[in-house]
Amino acid sequence: MSSKVLTKPLGDVPVALPPLQRVTLTINGAEKQLEVAPWTSLLDLLREYLDLTGTKKGCDHGQCGACTVLVDGKRINSCLSLAVMQEGKEITTIEGLAKGDQLHPVQEAFIEHDAFQCGYCTPGQICSAVGLINEGHAKTTEDIQELMSGNICRCGAYVGITAAVEQALKVCQSNAQ
Amino acid sequence: MNSFTYTRAETVDTAIGEIKAHHTAKFIAGGTNILDLMKENVERPDHLVDITRLPLKQIETLPDGGLRLGALVTNADTAYHPEVQKRYPLLSKTILAGASAQLRNMATDGGNLFQRTRCYYFYDTATPCNKREPGSGCSAINGFNRIHAILGTSEHCIATHPSDMAVALAALEATIRVSGPNGERTLAMADFHRLPGDKPQYDNNLEAGEIVTSIDLPANGFANNYNYLKLRDRSSYAFALVSVAAALELEGDTIREARVALGGVAHMPWRKPEAEALLKGQKATKENFRKVAEALLEGAKGFGANTFKIELAPRAIVRALVMATEMKKK
Ligand SMILES: Cc1cc2nc3c(=O)[nH]c(=O)nc-3n(C[C@H](O)[C@H](O)[C@H](O)COP(=O)(O)OP(=O)(O)OC[C@H]3O[C@@H](n4cnc5c(N)ncnc54)[C@H](O)[C@@H]3O)c2cc1C
Ligand code: SF4
Ligand code: FES
Ligand code: FES
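Residues numbered from 1 in each chain as written. Chains lettered and ligands numbered in written order. Predicted model: local features only at pLDDT ≥ 70, side-chain atom pairs only at ≥ 80, totals over all residues. Heavy atoms only, no water.

### Focus: the overall build of chain B
For chain B, the count of helices and strands is 13 helices and 11 strands. Reported as C-alpha extents along the three principal axes, the dimensions of chain B are approximately 60 × 50 × 35 Å. For chain B, contacts bridging at least 24 residues in sequence account for 64% of all contacts bridging at least 6. Of the accessible surface of chain B, which amounts to about 12800 Å², a share of 50% is contributed by carbon and sulfur atoms. (Helix = DSSP H or I, 4+ residues; strand = E, 2+ residues; numbered from the N terminus. Contact = heavy atoms within 4.5 Å. Areas by Shrake-Rupley, 256 points an atom, 1.4 Å probe, with all protein chains shown as cover.)

Following this line, the structure appears as structure tokens:
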């Protein structure tokens with residue numbers, strides 16, 4: 001691919017659209033081969049091209065956590081990552097957490113503790129909590145609050161969210177034993 | 001965001017070559033700063049070179065007892081690495097005081113050094129800004145400048161460097177390994193970033209096409225007496241208004257060596273070895289700490305909304321040093 005052809009010295013912006021880029025990734029267990037424009041964020045890929053609208057766009061700038069998904073088990077902000085950069089990765093979104101009708105312990109805990117009001121931040125909160133549990137660094141309630149601070153809840157459901165994550169952490173730890 | 005082409009580099013040399021082969025190419029690592037700025041049209045590269053697959057993801061012990069952090073190690077993997085936690089707890093604490101868990105999983109140690117200022121006018125392409133558009137003027141000097149610098153400013157720019165990690169690296173006297181079109185070189189942390197002067201468009205002293213390959217920590221990690229004190233508008237997930245990385249080597253109450261670096265006050269981490277030397281052989285007391293604080297703040301200048309930092313910073317320095325002293329007395 002020669003980008004020279006595409007780039008005319010008109011300011012610093014290419015004048016013709018660069019070709020689509022091929023990317024292979026696994027989303028919620030299913031391998032996908034896709035062609036995307038290089039500037040497509042992982043978030044836009046999920047929502048606009050794969051109809052996985054559970055993952056939300058809040059700020060689109062890394063400031064709210066609504067777009068949190070898991071990449072190889074680690075939580076990231078999908079709005080600040082390019083889809084093409086995820087070549088070969090395993091992505092898990094809110095749609096991929098339940099096993100059939102069996103909800104993930106974090107999902108169950110959110111329902112039990114009423115850990116939402118409007119629900120817009122919830123998919124991000126839940127994916128973030130799953131990441132927090134995988135990471136294994138939270139020992140206390142304060143740790144949970146600090147390590148969940150990347151997820152803003154405009155409804156202020158933080159008390160329920162903290163309680164839900166605390167419960168889910170215990171459930172997952174005892175399941176692992 | 002403008003359109004651009006994209007390639008994934010497999011070797012450091014091809015990554016460097018890709019930058020040269022394009023008009024305004026940039027590296028992308030974690031993407032957390034460059035994509036943010038591209039969405040705002042502040043950065044408009046015609047080509048992105050993905051460097052996340054480069055073999056620079058190791059943390060390894062150096063022959064001199066130091067520790068090498070590969071440029072592509074994530075901030076999270078660095079902060080939680082057992083050797084970093086044990087020998088460089090100041091660095092670990094500092095990284096964990098920045099951004100959010102998600103962002104730290106993405107952000108790389110190399111990329112962290114290059115993050116650009118959070119000056120609101122730099123982000124807003126409708127306003128003049130010498131850093132974004134040289135010669136257009138600085139909107140912050142007479143504008144809203146609560147987050148701006150009080151030290152080392154120029155009439156052209158009063159922006160701060162927003163990194164927490166860089167402040168700890170300055171205190172620890174890390175060195176930065178760089179590869180570029182003209183081969184390899186090493187820069188001391190003190191020589192990596194720069195003051196704005198009359199060229200605020202340059203944040204650091206790297207040449208075009210140079211890539212950071214590693215950050216090397218010297219053997220002494222000041223693991224017994226240290227602190228990172230970060231003062232900000234909310235207690236997590238916010239940038240520093242003022243931050244202090246403090247490290248002491250104590251013998252009883254007597255200071256053998258002291259390091260103090262400040263964040264949130266200048267265009268680069270702010271350190272003054274002459275100020276630190278005032279503590280050598282002295283007792284670890286508030287009075288002595290206050291003297292260092294005053295020496296560090298010499299020449300500080302406020303611009304209105306940020307003038308509060310001139311008193312906040314020395315208090316933060318004294319407090320950080322007191323807390324470092326009280327951690328562990330040998
Ligand atoms: C909402 C939000 C809050 C944040 N809060 C904080 C905070 O409190 N404290 C803090 O310190 N940071 C904070 N950050 C900033 C974050 O830490 C940086 O964006 C991150 O460290 C940048 O690393 P990256 O790998 O994502 O860089 P990228 O965005 O991939 O790259 C940034 C720049 O560095 C260049 N680059 C990257 N790697 C190299 C290399 N090896 N050699 C040469 N050039 C390179 C790229 O070309 C690009 O120009 C925050 C960010 C966001 C979005
Ligand atoms: S302080 Fe610097 S970055 Fe901010 S408006 Fe002025 S020139 Fe631009
Ligand atoms: S949409 Fe990604 S952090 Fe807000
Ligand atoms: S439930 Fe409404 S934003 Fe969190």
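### Re the side chain of R116 of chain B
Residue and element names in this part refer to chain B. In this structure, R116 sits in the loop between α7 (109-114) and α8 (120-123). What makes R116 buried here is its relative accessible area of 13%. Leaving out residues up to four positions away in the same chain, R116 has contacts with N33, L37, E43, F122, K131, P162, Q201 and D203. (Buried < 20%, exposed > 50% of the residue type's maximum accessible area, 1.4 Å probe, protein only.)

### Observations concerning the domain arrangement of chain A
All names here are of chain A. Taken as a whole, chain A is organised into domain 1 (21-96) and domain 2 (105-176). For domain 1 versus domain 2, the distance between C-alpha centres works out to 21 Å. On the domain 2 side, the residues contacting the 15 residues of domain 1 number 17 residues. Regarding the contact of domain 1 and domain 2, the summed buried area is about 1200 Å², with carbon and sulfur atoms giving 55% of it. Three residues stand out in domain 1 for area buried against domain 2, namely K56, R75 and I94, and they jointly supply 46% of the buried area on that side. At the boundary of domain 1 and domain 2, one finds 1 salt bridge. (Domains from an automatic or database assignment. Buried area = accessible area lost by both parts, 1.4 Å probe. Salt bridge = Lys/Arg side-chain N within 4 Å of Asp/Glu carboxyl O.)

### So, the nonpolar core
In terms of nonpolar packing, the biggest core is built from 51 residues, with I51, L69, L90, L91, L169 and L217 of chain B touching the most fellow members. The dominant element in this core, judged by the number of residues it contributes, is helix α9 (residues 165-171) of chain B, at 7 residues. Residues lining this core come from more than one domain, with at least three contributed by each of domain 1 (5-53) and domain 2 (225-327) of chain B. Once you skip the residues sitting within four places of it in the chain, L169 of chain B turns out to touch L91, L113, A174, M189, I215 and L217 of chain B. V23, I27, C67 and C79 of chain A belong to the second largest nonpolar core, which has 35 residues in total. (Core = buried A, V, L, I, M, F, W, Y, C linked by side-chain atoms within 4.5 Å.)

### Looking at the sheet that holds strand β11 (residues 254-263) of chain B
Two strands in a sheet stick together by hydrogen bonds in their backbones, pointing the same way (parallel) or opposite ways (antiparallel). Residues and elements named next belong to chain B. Spatially, the 3 strands line up as an open sheet ordered β9-β10-β11, and their pairing is antiparallel. The sheet is open, and its two edges are formed by β9 (225-231) and β11, each paired on a single side. Geometrically, the sheet is characterised by an average inter-axis angle of 10° between neighbouring strands, direction not taken into account. In this structure, β9 lies alongside strand β10 (residues 242-251), joined through 7 bridges in antiparallel fashion. (Pairing = 2+ DSSP bridges. Axes fitted to C-alpha atoms, helices over the stretch in contact; angles between N-to-C directions.)

### As for the interface of chain B and chain A
Across the contact, 42 residues belong to chain B and 44 residues belong to chain A. Approximately 3500 Å² of surface area, both sides summed, lies buried where chain B meets chain A, with 54% of it carried by carbon and sulfur atoms. Interface area lost by chain B to chain A is led by Y6, Q102 and Y237 of chain B, which between them contribute 19%. Remark: the boundary between chain B and chain A carries 2 salt bridges. The partner of D77 of chain B in a salt bridge is K74 of chain A, with the nearest N and O atoms 3.5 Å apart. Linking chain B with chain A are 20 residue pairs in polar contact (both at pLDDT 80 or more), by the criterion used here. Elements supplying a minimum of two residues to the side of chain B that touches chain A: β1 (5-8), α2 (34-39), β3 (47-50) and α6 (101-106) of chain B. Sorting elements by how many residues they give to the side of chain B that touches chain A places α6 of chain B first, with 6 residues. (Polar contact = N/O pair within 3.5 Å; in protein donor to acceptor, adjacent residues only side chain to side chain.)

### So, the site of ligand 2
The local shell around ligand 2 holds 14 residues, among which C119, C129, C138, C157 and I158 of chain B are the closest. Residues belonging to the shell around ligand 2 are distributed by class as follows: 9 nonpolar, 4 polar and 1 charged. (Near = heavy atom within 4 Å. Nonpolar A, V, L, I, M, F, W, Y, C, P; charged D, E, K, R; others polar.)

### Some thoughts on the packing of aromatic side chains
All names here are of chain B. Using the criterion set out here, one finds 5 aromatic pairs over all chains in the structure. Centroid distance Y120 to Y121: 6.0 Å. Interplanar angle 75°. Geometry classified as edge-to-face. The exposure class of Y120 is partly exposed, given its relative accessible area of 31%. Judged by relative accessible area, which is 16%, Y121 ranks as buried. (Phe/Tyr/Trp six-rings, centres within 6.5 Å; stacked < 30°, edge-to-face > 60°.)

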